[in-house]
Each structure stands twice: as C-alpha cells, then as structure tokens.
Amino acid sequence: MSRPDKQTLRKRIWKLLERRHVTRFPFPATGRIPNFQGAEQAAARAAALPEWQRARRLKCNPDAPQRALRLRALREGKIVFMAVPRLADERCFLRLDPARLGRRLTQAATIKGAARLGEPVTPEELGHIDLIVAGSVAVNARGARVGKGGGYSDLEFALAREARAVNARTTVLTTVHALQVLNDDIPMTPHDVPVDLVVTPERVIRTRTAFAKPKDIRWKELPVDRLEAMPVLRNRQRRVSRHRQASARSANHGGEAPVRPAPRGAH
C-alpha cells in the first residue's frame, strides 16, 4: 500500500478539523495553516519549555494559530523576526523589537501590524536565531511536517542557514491541534525542515527527529517563475552563478596568476 502524498494529507486534515468543528477564523481552513481551538493553551505550554525560556531571538511564522506565541514573545522582551509574505522583497524579514514598539505589541503580533511596524532586514541582518516557530498542517512524532504547500517556510530556513543565522542544532517548534498529529509516515525531501518540538494544548512531543535540516538553497529544484518573483532568491542565484564562473576560470588557469608582459627595456 502506497503512502499518501502531502497534498492528500493536507486535504484530509483540513476536512477533519472542519468536520470536528475545531477551526477558528480565518475561514476556510483549507489552503491555510489552520487556526485551531486551544491555540492559546498550546502557546502557554510552549512558553514553559526551557528552549523557549532560553531564547532571546525567534523567527516565527505569520499565521493566525501562532499569533499568541508572537505576542507572548514580544511581551517577554524577545526579538521576533517574521518573513515578508511570499518573500517578495530583498529585505525579506521583518524585525520586531519590543524595546522599540512600546505599547504596540498587540498590533505588532498581527500580520498587518508587523508589516507596518517591523523593520525590514536581509537574511544577513538576522543575527543569531535561537528558536524557530513554524506553522503546520500536519506533523508526526518523528518530526516530519507538512505545511500549506507554498514551500516558503523551508526557503526561509534555507536563507537563514546560508546567512549562518541558524544551523543544524537550531530548535524548530510547532503548535498544532491534537488532530493534526498523525500516526502516518509523512514524505520528507532534503529541502523540508523537520520539527524538534510538537506542542498541542494537552502535551509536548520531543521528536528527536532523524531528519536532517536543510544546509542550503537547492537551486535546481526552484522553478524559474518562483525565482523571478522573489528578488532575494533571484539576486542570490546571480551571485552564486558569478562565483561559479569565476571559480571555473580560475581552475582553467590552474590557479596561477596571469603572466604579465615584461616592461619595455627589461630585456
């Protein structure tokens, strides 16, 4: 019997959550990281973890079910980074510093508020990230994760990894409803980011995942239209291409310095 593909799993979970009446605004749940009843309780449970308490700088997804975590982080004095929707700008992350936000923390924890109040920064300006909070449609106890299908969360991690803001040991946490935790295998590819901590309103699962976190951007897997729509990727690919061409030219010359003609009268 073949394993279900990711889109089949997404549809199954969206339908299940709606049938059990555990989804919340925004509707419909289909096509989204679904907002779920108990998101605040899951956030409180996540905030009691030592990984959360040690963290000073977080990257968090912008979706509704993680809004409580973003607000809690800001209220606790943590700096939060959110990605620009669809990575549509060269400065593709928004820096939310509670020291500069004053009384506007509640606004800053929303998508619209972050876009208005956040400071746009490049991946190189992220600095060290202590913890990543990811949204999920489905997860399992092995740390496999399914997002809503855009692949942006994985690209954000790869950009941060190339900028050395995160590494293989950076903890990735997700909050979900218990119905989103599957017993099934979830197909994972080398560019998929696994999760280390799954937090529901009722419990914490430490996955001790065997899946490796992506080391870099897998350029060959990105379609041209996606590259053209994301300046941060398009410009990086051009730099990578120029570097490879320069390396190839150097290799063709054997790595030797070019021979300069002797000055006149030197014979």
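Summary of the structure given here. Quick caveat, the model's predicted, so the values are computed rather than measured.

Right, let's talk about the nonpolar core for a bit. Counting residues in hydrophobic clusters, the biggest one holds 34 residues, and the most contacted among them are Leu 87 and Leu 233. Residue assignment for this core shows that the elements contributing at least two residues are β2 (79–83), β5 (131–134), α8 (152–162) and α10 (231–252). No other element matches α8, which puts 6 residues into this core. Aside from chain neighbours lying at most four places away, what touches Leu 233 is Leu 155, Leu 159, Ile 217, Trp 219, Leu 222 and Leu 227. Counting 29 residues, the second-largest nonpolar core is a separate cluster that includes Ala 55, Leu 58, Leu 101 and Leu 105.

A separate point is the pairing of strand β3 (residues 93–96). Side-chain positions along a regular strand alternate between the two faces of the sheet. Here β3 shows a buried face lined by Phe 93 and Arg 95 and a second buried face lined by Leu 94 and Leu 96. Both β2 and β3 contribute to a ladder of 4 bridges, which runs antiparallel. Note on β3: the bridge partner recorded for Met 82 is Leu 94. One ladder, built from 3 bridges, connects β3 with strand β4 (residues 119–121); its direction is antiparallel. What sits directly across from Leu 94, in β4, is Pro 120.

Now for unusual backbone geometry. The omega angle of the peptide bond from Phe 25 to Pro 26 is 5 degrees, so this bond is cis rather than trans. Residue Phe 27 is joined to Pro 28 through a cis peptide bond whose omega torsion reads -10 degrees. Of note, His 21 is a non-glycine position whose phi angle comes to about 60 degrees, a positive value. A relative accessible area of 63% means that His 21 is categorised as exposed. Despite not being glycine, Arg 208 shows a phi value in the positive range, around 45 degrees. When its relative accessible area of 71% is taken as the criterion, Arg 208 is described as exposed.

Analysis parameters
- Residues numbered from 1 in each chain as written.
- Predicted model: local features only at pLDDT ≥ 70, side-chain atom pairs only at ≥ 80, totals over all residues.
- Heavy atoms only, no water.
- Core = buried A, V, L, I, M, F, W, Y, C linked by side-chain atoms within 4.5 Å.
- Buried < 20%, exposed > 50% of the residue type's maximum accessible area, 1.4 Å probe, protein only.
- Helix = DSSP H or I, 4+ residues; strand = E, 2+ residues; numbered from the N terminus.
- Contact = heavy atoms within 4.5 Å.
- Pairing = 2+ DSSP bridges.

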